[in-house]
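A look at the structure
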Amino acid sequence: MTITLSRSRLMGRVALGAAAVLALGACGSTSTTGAAASKQQPLLGIVSIDTTDYGNKLVIEGATAAAKNLGWSVDVVNAAGSADQANAAMVNFVQRKAVAIFDLVFPTTSLVKGIAAAKAAHIPVATAGAGLADGVIATAGLGAPAAPPVTNYLVDQMGGKGQLLAFTYRVGAVCRDREQVLDSILKKYPGIKVTKQELQVPGFTTQAPQFATSWLASRPKGAANYAIWGCWDDPTLAVIPALKQNGRTDVKTYGMNGYPNAVVAVGRGDLTATTWVDYKSEGTVLVGATSDYLKNPTGWTPKTLDIPNLLLDGANFATFTKQHPGITG
């Protein structure tokens with residue numbers, strides 16, 4: 001079952017840079033309300049794959065504001081890309097009797113221990129882009145849904161043939177889902193030959209330009225249609241300086257998330273297109289669904305929640321930035 005909720009759009013997630021871990025038992029934590037408040041109010045525990053990621057920040061911001069309106073306190077753990085840290089954080093939240101736990105964006109298959117602990121304690125778990133699983137009451141569907149707009153646009157721009165370099169990151173559920181969408185679309189276009197390159201976090205900002213430069217070395221300018229696809233914006237953006245340095249104006253570039261740096265790049269013509277995702281509304285929607293669940297747990301059916309997104313390219317850049325003033329800084 002899918003719920004579509006209308007809400008104002010704000011700028012939007014999945015570059016997954018590693019961050020420093022703050023001490024909270026075995027995992028990092030930053031409290032948005034303070035220890036005194038958390039003892040008196042229902043606690044929402046949020047486990048983030050990377051709290052420094054812009055999209056994760058927006059999800060947390062939206063969730064925190066919505067939780068505050070419900071009288072909940074919020075505690076955020078930065079798991080810094082570590083599933084072990086994330087599981088430990090979830091178990092910690094269970095011990096603290098949290099009212100709910102959110103997972104941003106670890107695959108549910110990586111959090112079996114944490115989800116099982118929450119289920120045993122009758123604590124609902126909701127995920128951002130990580131899908132549904134036993135013990136998960138809702139998920140925000142921003143992984144796969146964000147991929148078709150920009151990927152279909154890419155295929156159209158390439159005329160259904162050419163050479164494609166795809167940057168992947170299978171540690172993150174969002175990127176895994178987006179890669180599956182890419183595969184399903186490219187099956188219809190055998191004339192597009194794809195080379196996949198798995199990235200590491202941290203490290204992708206230096207890896208991506210190196211991989212792209214090596215890939216293009218055997219692909220002369222003008223010999224074919226060339227494109228670079230990233231399962232999030234940042235790897236593709238990291239390649240752009242190298243493309244300029246080598247005079248490769250023949251390479252089209254694509255990403256997903258629509259963070260401010262990507263929006264600016266679209267406006268300059270450096271990034272061909274991206275899918276902008278409304279991440280702040282994602283946090284709001286997750287809290288709303290969790291609140292509804294808590295009112296009637298026995299009558300609840302696990303849900304995938306739609307999050308607004310749109311294709312952003314040079315054609316609609318001016319209109320988009322007028323609708324979202326300040327998004328480019």
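Rules behind the numbers
Every chain is numbered on its own, with residues counted from 1 as its sequence reads. Selection of residues for local features in this predicted model requires a pLDDT of at least 70, selection of side-chain atom pairs for listing and counting requires 80 or more, and totals for whole chains, interfaces and linings are taken over all residues. Note: side-chain values were computed over all heavy atoms of the structure, leaving out hydrogens and water. Helix numbers and strand numbers start at the N terminus; a helix is a DSSP run of H or I with at least 4 residues, a strand a run of E with at least 2. Here the Shrake-Rupley method, with its probe set to 1.4 Å, supplies the accessible areas, and only the displayed protein chains count as covering residues. In this description, the term disulfide denotes a pair of cysteine sulfurs within 2.5 Å. Burial classes: relative accessible area under 20% of the type maximum marks a residue as buried, over 50% as exposed, and values in between as partly exposed (1.4 Å probe, protein chains only). To obtain the arc, one takes the directions from the helix axis to the C-beta atoms. Contacts are assigned to residue pairs that have any heavy atoms within 4.5 Å of one another. Two strands pair if DSSP finds at least two bridges between them. Here the axes come from fitting lines to C-alpha atoms, over the contacting stretch only for helices, and the angles between their N-to-C directions go from 0 to 180 degrees. Side-chain atoms within 4.5 Å link the members of a nonpolar core, which is a set of buried Ala, Val, Leu, Ile, Met, Phe, Trp, Tyr and Cys residues. His residues and chain termini do not enter the charge count, which takes Lys and Arg as positive and Asp and Glu as negative. The term salt bridge refers to a side-chain nitrogen of Lys or Arg lying within 4 Å of a carboxyl oxygen of Asp or Glu. In protein, a polar contact means a hydrogen-donor-capable atom and an acceptor-capable atom, both N or O and within 3.5 Å, with residues adjacent in sequence counting only if both atoms are side-chain atoms; elsewhere, any N or O pair within 3.5 Å suffices. Here a cavity is any set of points on a 1 Å grid over the protein atoms alone where a 1.4 Å probe fits but cannot get out, and a pocket is any open set with protein on both sides within 12 Å along at least 5 of 7 lines; a residue lines the site when it has an atom within 4 Å of a point. Grid points are joined across faces, edges and corners, and a volume is the space filled by probe spheres set on the points. The cut-offs work like this: below 35 degrees is roughly parallel, past 145 is roughly antiparallel, 65 to 115 is roughly perpendicular, and the gaps in between are oblique. By the definition used in this description, the sense in which the near helix is turned from the far one sets the handedness, with an anticlockwise turn below a right angle giving left-handed and a clockwise turn giving right-handed. As a working rule, the residues Ala, Val, Leu, Ile, Met, Phe, Trp, Tyr, Cys and Pro are called nonpolar, Asp, Glu, Lys and Arg charged, and the rest polar, with Gly in that last group.

What about the overall build of the chain?
For the chain, the count of helices and strands is eleven helices and 14 strands. A total of about 13400 Å² of accessible surface is found on the chain, and carbon and sulfur atoms cover 54% of it.

Quick notes on the state of the cysteines
For the structure shown, the criterion picks out one disulfide. The side chain of C175 participates in a disulfide bridge whose partner is C231; the two sulfur atoms lie 2.1 Å from each other. Here the S-S torsion is close to 80°, and the disulfide linking C175 with C231 is therefore right-handed. Here C175 is found in helix α6 (residues 173–186), whereas its partner C231 is found in the loop between β10 (226–230) and α8 (233–245), with 56 residues between them in sequence.

Some remarks on helix α4 (residues 112–120)
Within α4, burial applies to G114, I115 and A118. Down the axis, α4 shows its buried residues gathered within 95° of arc, on one side only. When the buried face of α4 is taken as reference, the exposed residues oriented beyond 90 degrees from it are V112, K113 and A120. Looking at the buried side of α4, the elements it contacts are α3 (83–95), β5 (100–104), β6 (125–128) and β7 (136–141). Within two residues after α4, H122 carries a phi angle of roughly 60°, on the positive side.

Focus on the sheet that holds β10
Reading across the sheet, the six strands line up as β9-β8-β10-β11-β12-β14 and stay open at both edges, with mixed pairing between neighbours. Each edge of the open sheet is held by one strand with a lone partner, namely β9 (192–198) and β14 (309–313). Here the strands of the sheet are splayed against their neighbours by 20° on average, with no regard to which way each runs. Bridge count between strand β8 (residues 162–168) and β9: seven bridges; the pairing is parallel. From the neighbouring strand, F167 faces β9, where its bridge partner is Q197. The strands that helix α7 (residues 204–217) touches are β8, β9, β10 and β11 (251–257); relative to β8, the one it contacts most, it runs at about 160°.

A look at the nonpolar core
Counting residues in each nonpolar core, the largest one holds 89 residues, and the members touching the most others are L44, I46, I101, F102 and I228. Formed by 13 residues, the second largest nonpolar core is a distinct cluster that contains A262, V263, L312 and F320.

Examining the side chain of R219
Following the sequence through the fold, R219 ends up in the loop between α7 and β10. Of the side chains with opposite charge, D250 comes closest to the buried, unpaired R219, at an N-O distance of 10.0 Å. Engagement of the side chain of R219 in a polar contact is seen with the side chain of Q163, the distance being 3.4 Å. Within the structure, R219 has its side chain in polar contact with the backbone oxygen of W215 (distance 2.7 Å).

With respect to the layout of surface pockets
Of the voids in this model, the largest pocket is the one considered here, and its volume is about 170 Å³. Together, I240, L243, K244, R248, T249, V251, T253, G269, D270 and T272 line the largest pocket. Every element with two or more residues in the lining of the largest pocket is listed here: α8 and β11. Broken down by element, the residue count for the lining of the largest pocket peaks at three residues, all from α8.

Let's talk about the packing of α8 against helix α9 (residues 260–268)
Close contact between α8 and α9 brings their axes to 10 Å; oriented N to C, the two are set at 45°. Here α8 is positioned oblique relative to α9, judged by the angle of their axes. In this structure, α8 meets α9 at a crossing whose hand is left-handed. Seen from α8, the contacting residues are D233, D234 and L237; seen from α9, they are N261, A262 and A265. Per-class residue counts for the contact of α8 with α9 are three nonpolar, one polar and two charged.

Observations regarding α8
Residues lying three or four places apart along an α-helix face the same way, a consequence of the helix completing one turn every 3.6 residues. Most of α8 sits out of view: ten of its 13 residues are buried. Each element contacted by the buried residues of α8 is listed here: β8, α7, β10, β11, α9 and β12 (273–277). Of the residues trailing α8, G247 is marked for its positive phi of about 65°.

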